[in-house]
Amino acid sequence: MTAIAAEMDTADLTLERAQRGDHDAFAKLVRQHESMVFSVGYHFFNSADKASEVAQDVFLQLYRSLQDITDPVHLTNWLRRVASRRCIDALRRSRFRMVSLDDAGDLPVAARTTDPFLARRMSEHIAALPEAQRMLVILRYQEELGPNDISEIVGMPVNTVKSQLHRALRVLRKKLETR
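Quick notes on the rules
- Residues numbered from 1 in each chain as written.
- Predicted model: local features only at pLDDT ≥ 70, side-chain atom pairs only at ≥ 80, totals over all residues.
- Heavy atoms only, no water.
- Axes fitted to C-alpha atoms, helices over the stretch in contact; angles between N-to-C directions.
- Helix = DSSP H or I, 4+ residues; strand = E, 2+ residues; numbered from the N terminus.
- Parallel < 35°, antiparallel > 145°, perpendicular 65-115°, else oblique.
- Left-handed = near helix turned anticlockwise from the far one by under 90°.
- Contact = heavy atoms within 4.5 Å.
- Nonpolar A, V, L, I, M, F, W, Y, C, P; charged D, E, K, R; others polar.
- pLDDT = per-residue confidence, 0-100.
- Phe/Tyr/Trp six-rings, centres within 6.5 Å; stacked < 30°, edge-to-face > 60°.
- Buried < 20%, exposed > 50% of the residue type's maximum accessible area, 1.4 Å probe, protein only.
- Core = buried A, V, L, I, M, F, W, Y, C linked by side-chain atoms within 4.5 Å.
- Salt bridge = Lys/Arg side-chain N within 4 Å of Asp/Glu carboxyl O.

### Notes on the packing of helix α6 (residues 131-142) against helix α7 (residues 147-154)
Following both chains from N to C, one finds α6 and α7 inclined at 135°, their axes separated by 10 Å at the closest point. As judged from the angle between their axes, α6 and α7 are oblique. For α6 against α7, the interelement crossing comes out right-handed. Contacts between α6 and α7 involve Leu 136, Leu 139 and Arg 140 from the first element and Ile 150, Ile 153 and Val 154 from the second. Within the contact of α6 with α7, the residues separate by chemical class into five nonpolar, no polar and one charged.

Listed below in structure tokens is the structure:
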């Protein structure tokens, strides 16, 4: 048995144990996925507090929906989809609009650079994108997902994902060139 196959068997067993009510197994699932869920929230809001709130909501919903999860791959995709939707819902509920990212720590992959001024400007421009485009940019360049995976997560056709990403990148490029 290969290491990957053994890891998948372990993940399957952990999921099955959690579905049977084993709280330790559920805690293990949370530990395995909390950094990914937190990362989606953090890069959407650029706020650790908001990201923690979203992560709590996501894992509470996971606990309630655990029986619907079929396998570890489904679990990962489900968590990304729910985290993405929770971020957008939280933003809509609070009407919270970010203006400055002076306190931002880690930047999305698309904004990582050795030039701190450029990185800050890139973060500001990403934060100014409409919420749906911002989530697509985060999933593509922070989570390093392909258009097909993003399409599944956000429930949007693949071509729409591609066109929205293209528009978002065009806006970012234009803003960076004009300043």
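### Digging into the confidence of the model for the protein chain
With 83% of its residues at a pLDDT of 70 or more, the protein chain has an overall mean of 83. Of all secondary-structure elements in the protein chain, the lowest mean pLDDT belongs to helix α1 (residues 3-19), at 76, while helix α3 (residues 48-65) reaches the highest, 94. pLDDT under 50 marks residues 96-112. Its contacts with residues more than four places away, or in other chains, come to 38 contacts.

### Here we look at the packing of aromatic side chains
Across all of its chains, the model carries three aromatic pairs by this definition. Where Phe 26 meets Tyr 63, the ring centres are 5.2 Å apart and the plane angle is 80°; that geometry is what we call edge-to-face. Within this pair, whereas Phe 26 is found in helix α2 (residues 23-45), its partner Tyr 63 is found in helix α3, the two being separated by 37 residues in sequence. Owing to a relative accessible area of 13%, Phe 26 belongs among the buried residues under this scheme.

### Overview of the environment of Arg 20
Mapped onto the elements, Arg 20 comes out in the loop between α1 and α2. We classify Arg 20 as exposed; its relative accessible area is 64%. On a C-alpha basis, the gap between Arg 20 and Gln 67 in space is 8.7 Å, while along the polypeptide they are 47 residues apart.

### Some thoughts on the nonpolar core
When a protein is soluble and globular, its nonpolar side chains tend to lie buried together. By size, the foremost hydrophobic cluster in this structure holds 42 residues, and its most contacted members are Val 37, Phe 44, Leu 62 and Leu 79. Contributing elements (two or more residues each) for this core: α1, α2, α3, α4 (72-94), α5 (116-128), α6, α7 and α8 (158-178). Among residues more than four places away in sequence, those in contact with Val 37 are Ala 55, Val 58, Phe 59, Leu 79 and Ala 83.

### Comments concerning unusual backbone geometry
The phi torsion of most residues other than glycine is negative, and most of the peptide bonds are trans. Unlike most non-glycine residues, Asn 46 shows phi in positive territory, near 55°. You can see Asn 46 is positioned in the loop between α2 and α3. Among the residues examined, Asn 46 registers a relative accessible area of 16% and is labelled buried. Here Glu 144, not a glycine, exhibits a phi torsion of approximately 55°, which is positive. Inspection of the secondary structure assignment puts Glu 144 in the loop between α6 and α7. For Glu 144, a relative accessible area of 59% translates into the label exposed.

### Quick look at the pattern of salt bridges
Tallying each qualifying case throughout the model produces two salt bridges. Across the pair Arg 17 and Asp 22 runs a salt bridge, and its minimum N-O distance is 3.1 Å. What makes Arg 17 partly exposed here is its relative accessible area of 31%. Residue Glu 143 pairs with Arg 80 through a salt bridge whose shortest N-O separation is 3.9 Å. Of this pair, Glu 143 sits in the loop between α6 and α7 while Arg 80 sits in helix α4, and the two are 63 residues apart along the sequence. Note on Glu 143: relative accessible area 14%, which makes it buried.

### Remarks on the environment of Lys 175
Tracing the backbone through its elements, the reader meets Lys 175 in helix α8. In sequence terms Lys 175 and Arg 121 are 54 residues apart; their C-alpha atoms lie 9.2 Å from each other.

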